[in-house]
Amino acid sequence: MRTVPAVEKVLQALGPVDLPRPAVVAVVRSALAALRAAGEAPAFDAVVAGVRSALDRVRRSRLQPVINGTGVLLHTNLGRAPLGAAAVRALVEIAPAYTNLEIDLDTGERGPRAAYLERHLALLCRAEAATVVNNCAAALVLILRHFTAGPRRDVVISRGELVQIGGGFRIPDILETSGARLREVGTTNRTTLDDYAAALTPDTALILRVHRSNFFMGGFVESPDLAALAALARRHRLPLVEDLGSGAVTDTRAWGATEPEPRPADRLRQGLDLVCFSGDKLLGGPQAGIIAGRTRHVSALKRDPFLRALRCDKLVFAALQATVDAHLTGEAVAGNPGALPLLDQLHVPLAALRSRAGQLVAQLDGLPLQAAVGVGQSRVGGGTLPQVTLESVTLDLRPDGQPPGALAARLRSGAPPVVGYLGGGRLRLDLRTVFPAQDELLLAAIRAACASPSPRSTP
Ligand SMILES: *Cc1c(COP(=O)(O)O)cnc(C)c1O
């Protein structure tokens, strides 16, 4: 048996690697340990090649920009909403500087965190007050913990709203984690005001509604009018809270939603005491959980010691503040390119997508693949507007002599990585979610993928 080479010798053979030295050493050590454990050592060059591909995998896993050809606008696995221009400027400005994060510049004393942002969020939601935590899940946990911390622990919720949103977010689990006691009412498809009324006891702490973000129900369904439920809650002096999920601030009927996403302002006007929603869904900002509603409740939540564990950092505040202001000033509207990429993608004319697709196809001439313009369907994603599909245009690639999945793997392992989807024996790239400024990069990535001899992402 050949002896396993020394770490130092492999490091020398590798030459310069674009990773921190301790990371490279760790990869080499673990590769050599695996050889030793297996009791076999291949030729030295093969050992080095194996280490190189392990290092490639590590390098690819570094957080980096990805070209999104999935057609899913708010792709949770791809980081949801890309930030608008003002948010990016704010990050660049705030990140390297000291800030007035928690100082009152009038008095020079310690001041409240993110007071400006909270005030403007309240304006945007037409709420008395607002605050911000890490994400919508954190907002809900904070609310539930806070209102069920006393002797009353029951949270009343319709069986039709005991939902799962994305990976690892199940309402019953969130309730349990929060120490709340679940009091289910009604049935999956029908819950009436009487169901709620009958469930209220001296142990009831709060009435919770959860927006059915990522699915829809039709047919024999019923849920009580929000105003009537609010009146019931008021009569029993109970807070009425809704987890809105995406929290659209614009009217989503413009995107073909027959069931528009609830807007925080509308819901609060209809009588909710508090709403929570995500910052990185339809608002188009960074990951955050926004809580808006009655001052009395928001102030109490801000005093809750648990808030300290959920608070955001200055970079999130900076990006969110710029995003919220863009909504308030009216900059974040369709037809103002770059202000909110999500809006650009939602409103791009099909003709513009077709023209880009045609140009891309023309420039892929001579490669070992057939490229064509296809018809696709984009989705909003991120657990929002499940009924909305947007007609779209795709760049369809059918590689010669290999399955489209192999091309997909090569494109994912390229720089920048490109993510598409397979369908009809082709690799499809939806151009609605590819920024026009990325077209050249996309072409280069496809050319590189055709040139590389085999996928570098072999497991
Ligand atoms: C998306 C969603 C959440 C989770 O939001 P995060 O910001 O990812 O924590 C919670 N509730 C609903 C209804 C949602 O749609």
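Residues take numbers from 1 onward in each chain, read along the sequence in its written order. For a predicted model such as this one, the threshold for reporting local features is a pLDDT of at least 70, and the threshold for listing and counting side-chain atom pairs is 80 or more; totals across whole chains, interfaces and linings nevertheless cover every residue. Calculated side-chain values reflect all of the structure's heavy atoms, with hydrogen atoms and water omitted.

**Q** Is there a simple way to explain the site of the ligand in this structure?
**A** One heavy atom within 4 Å of a molecule or strand makes the whole residue count as near it. Residues in contact with the ligand, as listed here, are R80, N135, C136, A137, I165, F169, H211, S213, D243, G245, S278 and K281. In this structure, a nitrogen atom belonging to the ligand sits 2.6 Å away from a side-chain N or O atom of D243. Summarising the interface, the protein chains cover 93% of the accessible area of the ligand, which totals 390 Å² for the free molecule. For the shell around the ligand, the secondary structure elements donating two or more residues are α6 (136–147) and β6 (240–245). Ten residue types, Ala, Val, Leu, Ile, Met, Phe, Trp, Tyr, Cys and Pro, are classed as nonpolar, four, Asp, Glu, Lys and Arg, as charged, and the remainder, Gly among them, as polar. Counted by class, the shell around the ligand contains four nonpolar, five polar and three charged residues. For this analysis, a polar contact is any N or O atom pair within 3.5 Å, provided that within protein one partner can donate a hydrogen and the other can accept it, and provided that sequence-adjacent residues contribute only side-chain to side-chain pairs. Accessible surface is estimated by sampling points in the Shrake-Rupley manner with a 1.4 Å probe; for residues, cover comes only from the protein chains shown. Only runs of H or I of at least four residues qualify as helices and only runs of E of at least two qualify as strands under DSSP, and these elements are numbered from the N terminus.

**Q** I'm lost on the pairing of strand β7 (residues 274–278) in this one. Help?
**A** Working note: regular strand, side chains alternate between the two faces of the sheet. A large share of β7 lies buried, amounting to five of its five residues. Whether two strands pair comes down to DSSP finding at least two bridges between them. Looking at chain direction, β6 and β7 are connected through four bridges and run parallel. Within the sheet, the bridge partner assigned to E242 lies in β7 and is V275. Of the strand pairs in this sheet, β7 and strand β8 (residues 289–293) are connected by five bridges, and their pairing is antiparallel. Each residue of the ladder has a partner; that of C276, found in β8, is I291. Whether a residue is buried, partly exposed or exposed follows from its accessible area with a 1.4 Å probe, protein chains only, as a fraction of its type maximum: under 20%, in between, or over 50%, in that order.

**Q** In this structure, what is going on with the layout of surface pockets? I would like to understand it.
**A** One simple way to see leftover space: roll a probe sized like a water molecule over the atoms. Estimated volume of the second largest pocket: approximately 740 Å³. The method works on a 1 Å grid over the protein atoms by themselves. A cavity is a set of points holding a 1.4 Å probe that cannot get out, a pocket is an open set with protein on both sides within 12 Å along at least five of seven lines, and residues with an atom within 4 Å of a point line them. What lines the second largest pocket is a set of 32 residues, among which H211, R212, E259, P260 and R267 lie closest to the centre. Among the elements of the structure, β5 (204–210), α10 (264–269) and β10 (384–399) are those that each provide at least two residues to the lining of the second largest pocket. Among the elements that take part in the lining of the second largest pocket, β10 stands out by supplying four residues, more than any other. For the lining of the second largest pocket, the per-class residue count stands at twelve nonpolar, eight polar and twelve charged. Grid points are joined across faces, edges and corners, and a volume is the space filled by probe spheres set on the points.

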